[in-house]
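Here's the letter readout for the chains.
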Amino acid sequence: MLSTTVLSSPARAESSGPPPQASSFDHVLYWNGVLLDAFRRVRRQDAAPTLLARAGAMLHIAVHDANWPAAPVTYLPKIQQQHPDDSIEATMDAAAHRVLTEVFKNAEVEGGTRGIDFGPNLTYALSQIPSSVPRQYVDGGKADGVKIGDLMIAARSGDGPAMDPSYTEGTVPGAWRQTGSGAAVSPNWWKLKPFAMTSSTQFRPGTPGGFTTYEQLVRSAAYATQVQEVREYGGASGPTKRTADQTQAAFFWANDVDGTYKPVGQLYAITADISRQKGLKQNETAELFNLVSMALADASIVAWGAKYESAIDLWRPESAINLAPANADPAWKPLSIDRAGNRFSPPFPAYVSGHATFGAAWAGVMQRWFGHGFAFTAGTEDPNANPRTRSFASFQAAAEENALSRIWLGVHYRWDADAGLEAGFNLGEFVYVTRRDQ
């Protein structure tokens, strides 16, 4: 059963807020859309969930802090404005542009080229500021935004060790090894400085089943049960216990292939849809995305820490079933499939599930903001999803289905889902309580 740590929220102080929004154009939602377009364009190692989560946090924290009159709690040091009447929208636009340009300057994109030009996006966003705003205040806001963007970049300048691709694959049964989808992705991500957590291990779960050696794990009845469930529910062909609805859910939440907004992007897209539905003001969307982005970035640290920085770097179900010492099935493949028709498992250890941890951290923030019983309909970009929308009675229900979908897709065990959910919900609650503007 899922258990979460419930924290009490401190009293929220009233803020005078920023100057009135210059137009109905929401600059936060616009730059979130630009971010998702970048997620769709990046390829190979640069499309790693870890890197995308970090990019989202850097963008949304900078945009939030650029909206500083409504943000008494900021991540970055507060700047000295060029003028008190500088355009907040121009500040947000320039900060977003500066951060995205730096983050994606060397990213591999479709066609094998490097880097993304966000200049046209900046031009368009600035053009949405009404002409009634004096030019000098737009220019001042742009200068302010560049300062904030530079502060954000400087704040994450020490993240290099987390990008180290060095990793030695295991050779014993139970230890992760490549499955044909590539080398280990983000094996040192646990070294990343958290955005909101007090340490990288704060919400890291224990090892799968509590086992501390691979021999103990693979000989256990608990492990056999875990493997058998995926064998029965997650296979691409042959007899399966998976229902049609579970198959639909498996693909709905996947978004693992190039050209989609990826798992982190799907959660950002749902957040944007709900923000529009509820009619949030620009300063409110800035605050909401600030919280969501920190939760997602720290969720990547939690999940990848459990994957790599533990006694068990657990192999994927595909390896467990293909290479089992008894009752092996070398032909078994997961339901998960890429655009070329290849069945695949993501290139990193199974435990814990990144999808589960991301989804629960997101849900932990969202249910505190909108309520635990908030019903909504969400969409997907996975090319195999049919239909492309699903409805949920609550954020928790969505997160739990997201986690279980990875079993039905054949790429995770149940304990990957359960541990990711518990860690993620606790993280989301922590972020909401400790980082929401007071």
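Residues numbered from 1 in each chain as written. Predicted model: local features only at pLDDT ≥ 70, side-chain atom pairs only at ≥ 80, totals over all residues. Heavy atoms only, no water.

Okay, the overall build of the protein next. When helices and strands are tallied, the protein shows 14 helices and two strands. The globule rule puts the C-alpha radius of gyration for 438 residues at 22 Å, and the 22 Å found for the protein is close to it. Seen through its principal axes, the protein has C-alpha atoms that stretch 75 × 50 × 40 Å. Counting the 438 residues in the protein, one finds 57% classified as buried. Relative to all contacts within the protein whose residues are 6 or more apart in sequence, the contacts with residues 24 or more apart total 81%. (Helix = DSSP H or I, 4+ residues; strand = E, 2+ residues; numbered from the N terminus. Rg over C-alpha atoms; globule rule 2.2 N^0.38 Å. Buried < 20%, exposed > 50% of the residue type's maximum accessible area, 1.4 Å probe, protein only. Contact = heavy atoms within 4.5 Å.)

So, on to the nonpolar core. Core analysis: the biggest nonpolar cluster contains 139 residues, and Phe104, Trp362 and Phe376 have the highest contact counts within it. Residue contributions to this core peak at 16 residues, all from helix α10 (residues 282-308). With residues up to four places along the chain from it excluded, the contact list for Phe376 reads Ile270, Ile274, Trp362, Arg390, Ser391, Phe392, Ser394, Phe395 and Ala398. (Core = buried A, V, L, I, M, F, W, Y, C linked by side-chain atoms within 4.5 Å.)

Per-chain confidence: the protein averages 93 in pLDDT, with 94% of residues scoring 70 or above. Long-range and interchain partners of residues 1-20, a stretch whose pLDDT sits below 50, account for 38 contacts in this model, where long-range means more than four residues apart. (pLDDT = per-residue confidence, 0-100.)

Considering the arrangement of structural elements, one finds Val103 in helix α3 (residues 88-103). With a relative accessible area of 23%, Val103 lands in the partly exposed category. Distance from Val103 to Ile116, taken between C-alpha atoms, is 9.4 Å for residues 13 residues apart in sequence.

This next bit is on the packing of aromatic side chains. Enumeration according to the criterion identifies 23 aromatic pairs in this entry. With 5.4 Å between their ring centres and 40 degrees between their planes, Tyr30 and Tyr124 make a pair best called tilted. In this pair, Tyr30 sits in helix α1 (residues 27-41) while Tyr124 sits in helix α4 (residues 119-127), placing the two residues 94 residues apart along the sequence. Residue Tyr124 is classed as partly exposed on the basis of its relative accessible area of 41%. Aromatic rings pair up to connect Phe252, Trp253, Trp362, Trp369, Phe370, Phe374, Phe376, Phe392 and Phe395 into one cluster. Against the face of Trp304 rests Lys307, its NZ or CZ located 5.1 Å from the ring centre. Residue placement shows Arg436 over the ring face of Trp369; its charged tip is 4.1 Å from the ring centre. (Phe/Tyr/Trp six-rings, centres within 6.5 Å; stacked < 30°, edge-to-face > 60°. Lys NZ or Arg CZ within 6 Å of the ring centre and 35° of its normal.)

Bringing unusual backbone geometry into the picture now. Residue Val352 is bonded to the preceding Tyr351 through a cis peptide linkage, with omega at 0 degrees. As for its position among the elements, Val352 is in the loop between α11 (317-322) and α12 (354-370). A positive phi angle, near 65 degrees, is found at Lys262, a position not held by glycine. Looking at the secondary structure, you find Lys262 in helix α9 (residues 262-278). By relative accessible area, which is 4% here, Lys262 ends up buried. A positive phi angle, close to 60 degrees, is found at Asn327, a residue other than glycine. One can find Asn327 in the loop between α11 and α12. Residue classification places Asn327 among the exposed positions, given a relative accessible area of 56%.

On to the packing of α1 against α3, then. Contact geometry of α1 with α3 gives a least axis separation of 10 Å together with a crossing angle of 15 degrees. Comparing the axis directions of α1 and α3 gives the class roughly parallel. Taken as a pair, α1 and α3 cross one another with a handedness that is right-handed. Residues His27, Val28, Trp31, Val34 and Leu35 of α1 touch α3, and the partners they reach there are Glu89, Met92, Asp93, Ala96, His97 and Leu100. Counted by class, the contact of α1 with α3 contains seven nonpolar, two polar and two charged residues. (Axes fitted to C-alpha atoms, helices over the stretch in contact; angles between N-to-C directions. Parallel < 35°, antiparallel > 145°, perpendicular 65-115°, else oblique. Left-handed = near helix turned anticlockwise from the far one by under 90°. Nonpolar A, V, L, I, M, F, W, Y, C, P; charged D, E, K, R; others polar.)

To continue, consider the environment of Ala303. Tracing the sequence through the fold places Ala303 in helix α10. C-alpha of Ala303 to C-alpha of Ala378: the two residues are 75 residues apart in sequence and 24 Å apart in space. The residues touching Ala303, leaving out its near neighbours within four places in the chain, are Val352, Gly354 and Thr357.

Between helix α2 (residues 49-66) and α10, the least distance of the axes is 8 Å, while the angle of their chain directions is 150 degrees. The angle between α2 and α10 falls in the class roughly antiparallel. Crossing hand, α2 versus α10: left-handed. Taking contact as the criterion, the partners of Pro49, Thr50, Ala53, Gly56, Ala57, His60, Ile61 and His64 in α2 are, on α10, Ala286, Glu287, Phe289, Asn290, Ser293, Met294, Leu296, Ala297, Ser300 and Trp304. Of the residues belonging to the contact of α2 with α10, the class tally is ten nonpolar, seven polar and one charged.

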